[in-house]
Amino acid sequence: MLRNPALKTVHAATQSFVTSQVRNYSRRALTTLAAFPDLRMETMVQTTTKHGMDVIHDPLLSKGTAFSLSERERLGIRGLVPPRTQEMDKQLQRIIRNLRECRTPLEKFIFMTALQDRNETLYYRLLIDKLEELSQIIYTPTVGEACQRFHSIYRRSRGMYFSTLDRGQMAAMVHNWPHDQVDVIVVTDGSRVLGLGDLGANGMQIPIGKLSLYVAGGGIRPTSILPVVLDVGTNNESLLDDPLYLGMGHRRLEGDEYYSFVDEWVHAIQNRYPNALIQFEDFKYPHAYNLLHKYQDKICCFNDDIQSTSAVALAGVLAALKARGKSIDNLNEERIICVGAGSAGVGVCEGIIDCMVEQGKVKSREEAYSKIWMLDQHGLIGNSQLGATDGTAPAPIGLGDRASLDERQLCYIKKDMKDRMSLEEVVKAIKPTVMLGLSGAPGVFTEGAVRAMADGVEKPVVFPLSNPTHQSECTAEQAFEWTDGRAIFASGSPFKDVEYKGKTCKVNQINNAMSFPGLGLGITVSRSSRVTGKMFMETAITIANMASEEQLKSGVLFPGVGQLREVSKEVAAKVCEVAYEQGLARANLTPGSNLKTVIEESMWNPSYVSLIRLADH
Ligand SMILES: O=C([O-])CC(=O)C(=O)O
Ligand SMILES: [Mg+2]
């Protein structure tokens, strides 16, 4: 009788969980196990038809120096690795020592990528163990620099590229991906990478980084993720002029050509992976919205910058209300300024509006809009008939042409205020309680504006959310200095806590990373057919309620990235519940007491499993 925990879990859990667990532990593998008496029966096993160098060079199979002697025998690699078998803890010691010798964050990025390319198990073990530190390397902010330099630091391929050369071929091309099971796809067209603008095919590092967090923070299996770039060209002149650039050397497709390109890709992907969750990432405005609206009711997809950013920003605002000793149900009492009218800015504000409407303390959606003052790169979206203020409008921030505001942005128009008022003028006029930055315009939260805000409110909520660090609307030091240490502060990219007049002022990070791994986990476990607005709203409330009273008092709004796996479990459980409530779940799970256990058990955890070679056939 086999005493394999994989089998035990299989009997204990649900169908979807079973499917994911059994994937690598086929009946055949378990039967085969009997033929290898040296294997401890408690050990998980993985089968492969590969042997020799092919095993050593496959990052999903390789254990580096950790292959046991009998494994070396079985897999035909005896003599191909140094003689001493070293367990993972020794490997980690060596890796960490080498990592510490890297001088810059970009060197660390290259080092981590090389590790991922050699040995994914070790890569994810290290990432999980040092999530707070290393998420800043493989993700925001260093990933931004890695995108800018992608064509110069390129080493080895990862993910899939679909370019204008591939039109008409995508349905066949998707079969080049080596894995039959894909749970999560992150796709970008590189048109607005973080706050860095159009980086074309260089944007590939973003899907790779996001998916590393899906695995490390959300427990998705590394074999079940697919990073994708849709290379529809770039309008970035310096990339177009650079002979080392790796993407298509033409300008971006626009209009119908663009949308039919994306459509071909969506159909191709759906054909091979009908159940995969698709995350649209870093698409510029308004494409981001148009694609979301086109596909959100047809397939299982969402836009990270619009919806996940919105969920975490809403969580931050709600937690800030608690930190001020108020109830989270009184969002309507806030006066909110949002600088940035692109996909993230509009997305965040829509999430806040939805929440106000849901709380039922505003009479109408219009009333909710009246609580938010939105500025684009020219200043307040106000009434041009009252005249435009020339004043100190923020620097151009690439949010599109002011003249072409669409109805989504025009909902925020303030008919009783002059058009294009500067941030400081708006602050003085309306005395905001919350200031959100989603502009990609560094320094746009000026000293005058933040000081004026601090004059009118005891605990000003200052959230410069643009990424990476140098695109932030203000720094943490500035926010605390200009508010005399009273700000409730969160930024999109990490900043260190600030010592101000003998007090430690807490910095929070509001990054969509707190939301998407848990969402993906919840969608995968419930096998939900769609992603819904309610899932994001519940995610926001879940995250907003995670900090203790003590933490809130000290200015901590919710757990940091270091606790991402814990956050993801909570978010996933909520997303599962909503999927069942809304009749979208297809997994045979009963929501209730064991939901969290099922979620926890379904999370992949990097550890070496015994490899067994199956004969080719
Ligand atoms: O990637 C990040 O850090 C957050 C995000 O989606 C963005 O800024 O576009
Ligand atoms: Mg993004």
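Residues numbered from 1 in each chain as written. Chains lettered and ligands numbered in written order. Predicted model: local features only at pLDDT ≥ 70, side-chain atom pairs only at ≥ 80, totals over all residues. Heavy atoms only, no water.

Q: Any chance you could explain helix H22 (residues 447–456) here in plain terms?
A: Taken residue by residue, H22 has Ala449, Val450, Ala452, Met453 and Ala454 as its buried positions. Contacts made by the buried residues of H22 are with helix H21 (423–430), strand E12 (434–437), strand E13 (461–464) and helix H23 (476–482). (Buried < 20%, exposed > 50% of the residue type's maximum accessible area, 1.4 Å probe, protein only. Helix = DSSP H or I, 4+ residues; strand = E, 2+ residues; numbered from the N terminus. Contact = heavy atoms within 4.5 Å.)

Q: Teacher, can you tell me more about the pairing of strand E14 (residues 488–491) here?
A: The side chains of a regular strand alternate between the sheet's two faces. Across the two faces of E14 the burial is the same, with Ile488 and Ala490 and Phe489 and Ser491 all buried. Judged from the two bridges that link them, E13 and E14 form a sheet pairing that is parallel. Looking across to E14, one finds that Val462 is bridged to Phe489. Across three bridges, E14 lies against strand E17 (residues 507–509) in parallel orientation. Opposite Phe489, over in E17, you have Val507 as the bridge partner. (Pairing = 2+ DSSP bridges.)

Q: Whenever I open this one, the site of ligand 1 confuses me. Can you help?
A: Near ligand 1 you find Tyr139, Thr140, Arg192, Leu194, Lys210, Glu281, Asp282, Asp304, Asp305, Asn467, Asn511 and Asn512, and these make up its full shell. Glu281 places a polar side-chain atom, nitrogen or oxygen, 3.0 Å from an oxygen atom of ligand 1. Asn467 has a polar side-chain atom sitting 2.8 Å from an oxygen atom of ligand 1. For the shell around ligand 1, the class distribution of residues is two nonpolar, four polar and six charged. (Near = heavy atom within 4 Å. Polar contact = N/O pair within 3.5 Å; in protein donor to acceptor, adjacent residues only side chain to side chain. Nonpolar A, V, L, I, M, F, W, Y, C, P; charged D, E, K, R; others polar.)

Q: Sorry, what's going on with the sheet that holds strand E6 (residues 301–303) here?
A: Hydrogen bonds between backbone groups are what pair the strands of a sheet, and the pairing can be parallel or antiparallel. An order of E2-E4-E3-E5-E6 is seen for the five strands of this open sheet, with the pairing classed as parallel. Among the strands making up the open sheet, the edge pair consists of strand E2 (160–163) and E6. Averaged over all pairs of adjacent strands, the angle between strand axes in this sheet comes to 20°, irrespective of strand direction. As paired elements, E2 and strand E4 (residues 225–231) share four bridges and run parallel to each other. Directly across from Met160, in E4, lies its bridge partner Val228. The sheet contacts of helix H24 (residues 516–526) involve strand E3 (184–188), strand E5 (277–280) and E6, and relative to E5 the element is tilted by about 155°. (Axes fitted to C-alpha atoms, helices over the stretch in contact; angles between N-to-C directions.)

Q: In this structure, what is going on with the confidence of the model for the protein? I would like to understand it.
A: Low pLDDT means the predicted atomic positions in that stretch should not be read closely. Averaged over all residues, the pLDDT of the protein equals 91, while 89% of them reach at least 70. Low confidence marks residues 391–401, where pLDDT is under 50. Its contacts with residues over four positions away, or in another chain, come to 21 contacts. The complex prediction reports pTM at 0.91, with the ipTM value standing at 0.99. (pLDDT = per-residue confidence, 0-100.)

Q: Got a minute to help me understand the UniProt feature "active site" (unreviewed entry) in the protein in this structure?
A: As recorded in UniProt, the sites labelled "active site" (unreviewed entry) are Tyr139 and Lys210. A stretch of 72 residues holds the annotated residues, and the largest C-alpha distance among them is 7.0 Å, short enough that they meet in one place. Its place among the elements puts Tyr139 in the loop between helix H9 (131–138) and helix H10 (142–148). For Tyr139, a relative accessible area of 6% corresponds to the buried category. The residues contacting Tyr139, other than those within four sequence positions of it, are Leu134, Gly209, Lys210, Leu213, Asn511, Asn512, Ala513 and Phe516. Tracing the backbone shows Lys210 in helix H13 (residues 205–218). Exposure remark for Lys210: the relative accessible area of 4% places this residue in the buried category. Those residues in contact with Lys210 that lie beyond four places of it in its chain are Tyr139, Val186, Gln279, Glu281, Asp304, Asn512 and Phe516. (UniProt positions renumbered as here; feature names shortened; annotations may be inferred.)

Q: Would you take a moment to explain the sheet that holds strand E8 (residues 372–376) for this structure?
A: Taken in spatial order, the seven strands of this open sheet run E9-E8-E7-E12-E13-E14-E17, and their pairing is mixed. Edge positions in the sheet fall to strand E9 (379–380) and E17, since each has one partner strand and no second. As judged from the four bridges shared by strand E7 (residues 336–339) and E12, these two strands associate in the parallel manner. Each bridged residue has a counterpart across the sheet, and for Ile337 the counterpart in E12 is Met435. Along the sheet, H21 contacts E7, E8, E9 and E12; its crossing angle with E7, the most-contacted strand, is approximately 170°.

Q: Help me out: how do you make sense of the pairing of E4 in this one?
A: In terms of burial, E4 is largely enclosed, as seven of its seven residues are buried. Burial along E4 is two-sided: the face carrying Ile225, Pro227, Val229 and Asp231 and the face carrying Leu226, Val228 and Leu230 are both buried. Since E3 and E4 lie parallel, the crossover through H13 that links them has a hand, and here it is right-handed. (Right-handed = clockwise from strand over helix to strand, strands pointing away.)

Q: I tried to follow the pattern of salt bridges on my own but got confused; where do I start?
A: Two side chains with opposite charge may pair up if their charged atoms get near one another. Scanning all chains against the criterion turns up 37 salt bridges. In this structure, the salt-bridge partner of Lys284 is Glu254, at a minimum N-O distance of 3.1 Å. Linking Lys284 in the loop between E5 and helix H16 (287–295) with Glu254 in the loop between helix H14 (237–241) and helix H15 (255–272), this pair joins segments that are 30 residues apart in sequence. In this structure Glu254 comes out as partly exposed when scored by relative accessible area, which is 36%. Residue Lys371 is joined to Glu367 by a salt bridge in which the shortest nitrogen-to-oxygen separation is 4.0 Å. Judged by its relative accessible area of 19%, Lys371 falls in the buried class. Through salt bridges with shared partners, a single ionic network connects Arg324, Lys326, Glu333 and Glu334. (Salt bridge = Lys/Arg side-chain N within 4 Å of Asp/Glu carboxyl O.)

Q: Sorry, what's going on with the coordination of the magnesium ion (ligand 2) here?
A: Each angle at a metal carrying four tetrahedral donors should ideally be 109.5 degrees, and each at a metal carrying six octahedral donors should ideally be 90 or 180 degrees. Surrounding the magnesium ion (ligand 2) are the protein donor atoms Glu281 (OE), Asp282 (OD) and Asp305 (OD), at 2.0 Å. Within one chain, the residues donating to the magnesium ion (ligand 2) are spaced in sequence as E-D-x22-D. One end of the pair, Glu281, is in the loop between E5 and H16; the other, Asp305, is in helix H17 (residues 304–323), with 24 residues separating them in the sequence. Taking the relative accessible area as the measure of exposure, Asp305 reaches 4% and is therefore buried. (Donors = N, O, S within 2.8 Å, 3.2 Å for Na, K, Ca; no water.)

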